[in-house]
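Below are the chains, spelled out letter by letter.
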Amino acid sequence: MPDALHDGLILASHETADQETSVGGKGMNLTRLVRGGLQVPPFFVVGTPCFRACVDQDAVRAAITAALADRDVTVLAQGEAASEEIRQAILAAPAEGLEQLVAQGLDEAIPRVDDAQPFVAVRSSCVGEDSAEASFAGQMDSYLFVRGAEDVAAAVKQCWASAFGARALAYRVQKGMAPAAVDMAVVVQEMIGGEVSGVMFTACPTTGHRDRVVISSTWGLGEGLVSG
C-alpha cells in the first residue's frame, strides 16, 4: 500500500483534484466550488489509489469474489450477507501508512482551533456516483464529528467498506453494472455546525418537471435531510 499512498493525499489545490477518477464526484465538485470562489469548509481527499490498494490485496479480492459467487444481491438477505462478508474483509485488511497520510492531510488542510484539531466529516466520494445514468445518493456512508488521525483513518476504511453496501450492490446490478465495479475516494472536511441546512432542486425530483424549484430544508445539520 505505501506506493499508492504516495499519491493518495490530494488537496483542493492539486491538479488531480479536477479529475473524478482521483477524487470521486463529491471531491471534484467541492474543488470546483473552491475554484469558483465560494466559501467551502477546508478539506482534503484520500484518493482512489488508496482504495484500490486496499481492495486489490489478495485476501480482500478473494473475499469479494467468494461473497458474490452464486448470490443474487438484488435479494435483500443475499445482498446483506455478501455485503457483510466484504465489509469484514476490508476492515481487517492492513492499510499501512493510512493513518500517517491522514495525519499529514489534517496538518496541511484543516486549520487547528486553539492548537487543537477540529472535528471533521469523513465523506464517501465514489467515481460516477452522480452521473447521467446513475445516482448513488445516500447509498454509501459518511461519518460526522470525527477527530484525530487514528479515528479518521478508521472512518476512511468504513467508507471504503460501504462501497459494497447491500443497497449499492443491488443498485449496480439493476443498472447493468458488475456489483463489484466501484472506485472510491474519501473526502475529509472540517465540520460546520449548521443552524439550517437545505437542498435545492432545479427540477422537481418526483416528476422531473423543470417549471418549478423544490427546496427541502431542516434545522441543524443536513444529515437527517439527505438520509431521508
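Just above sits the structure.
Residues numbered from 1 in each chain as written. Predicted model: local features only at pLDDT ≥ 70, side-chain atom pairs only at ≥ 80, totals over all residues. Heavy atoms only, no water.

The strand order across the open sheet formed by 5 strands is β1-β2-β5-β3-β4, and the pairing between neighbours is antiparallel. Here the strands that pair on one side only, and so sit at the sheet edges, are β1 (9-11) and β4 (142-146). Neighbour-to-neighbour, the strand axes of the sheet open up by a mean angle of 25 degrees, direction not taken into account. As judged from the 3 bridges shared by β1 and strand β2 (residues 43-46), these two strands associate in the antiparallel manner. Bridge pairing in β2 places leucine 9 opposite valine 46. Helix α6 (residues 98-109) rests against β1, β2, β3 (120-126) and β5 (184-190) of the sheet, and its axis sits at about 160 degrees to β2. (Pairing = 2+ DSSP bridges. Helix = DSSP H or I, 4+ residues; strand = E, 2+ residues; numbered from the N terminus. Axes fitted to C-alpha atoms, helices over the stretch in contact; angles between N-to-C directions. Contact = heavy atoms within 4.5 Å.)

If you walk through the whole model with that rule in mind, you get 3 aromatic pairs. Relative to tryptophan 160, the ring of phenylalanine 51 lies with its centre 6.4 Å away and its plane at 70 degrees, an arrangement referred to as edge-to-face. A residue pair is termed long-range when its members are at least 10 positions apart, and phenylalanine 51 in helix α3 (residues 48-55) and tryptophan 160 in helix α7 (residues 149-162) qualify at 109 residues. Since its relative accessible area comes to 0%, tryptophan 160 is described here as buried. (Phe/Tyr/Trp six-rings, centres within 6.5 Å; stacked < 30°, edge-to-face > 60°. Buried < 20%, exposed > 50% of the residue type's maximum accessible area, 1.4 Å probe, protein only.)

Below, the discussion takes up the pairing of β2. Across the two faces of β2 the burial is the same, with Phe43 and Val45 and Phe44 and Val46 all buried. The sheet contact formed by β2 and β5 spans 4 bridges and is antiparallel. For valine 45, the partnering residue across the bridge sits in β5 and is valine 187.

Counting residues in hydrophobic clusters, the biggest one holds 45 residues, and the most contacted among them are Phe44, Val46, Trp160 and Phe164. With 8 residues, α7 is the single largest residue contributor to this core. Phenylalanine 44 has contacts with Leu9, Ile10, Leu11, Val102, Gly105, Leu106, Ala109, Ile110, Val186, Val187 and Val188, leaving out every residue within four places of it along the chain. By size, the runner-up hydrophobic cluster in this structure holds 11 residues, among which are Ala17, Met28, Leu30 and Ala185. (Core = buried A, V, L, I, M, F, W, Y, C linked by side-chain atoms within 4.5 Å.)

Attention shifts here to unusual backbone geometry. Positioned with a positive phi, aspartate 70 is a non-glycine residue whose angle comes to about 60 degrees. Within the fold, aspartate 70 resides in the loop between α4 (58-68) and α5 (76-92). In the Ramachandran plot, phenylalanine 145 falls in the positive-phi region, its phi being about 55 degrees despite a non-glycine side chain. For phenylalanine 145, a relative accessible area of 46% gives the class partly exposed.

Coordinates in, geometry out; function isn't part of it.
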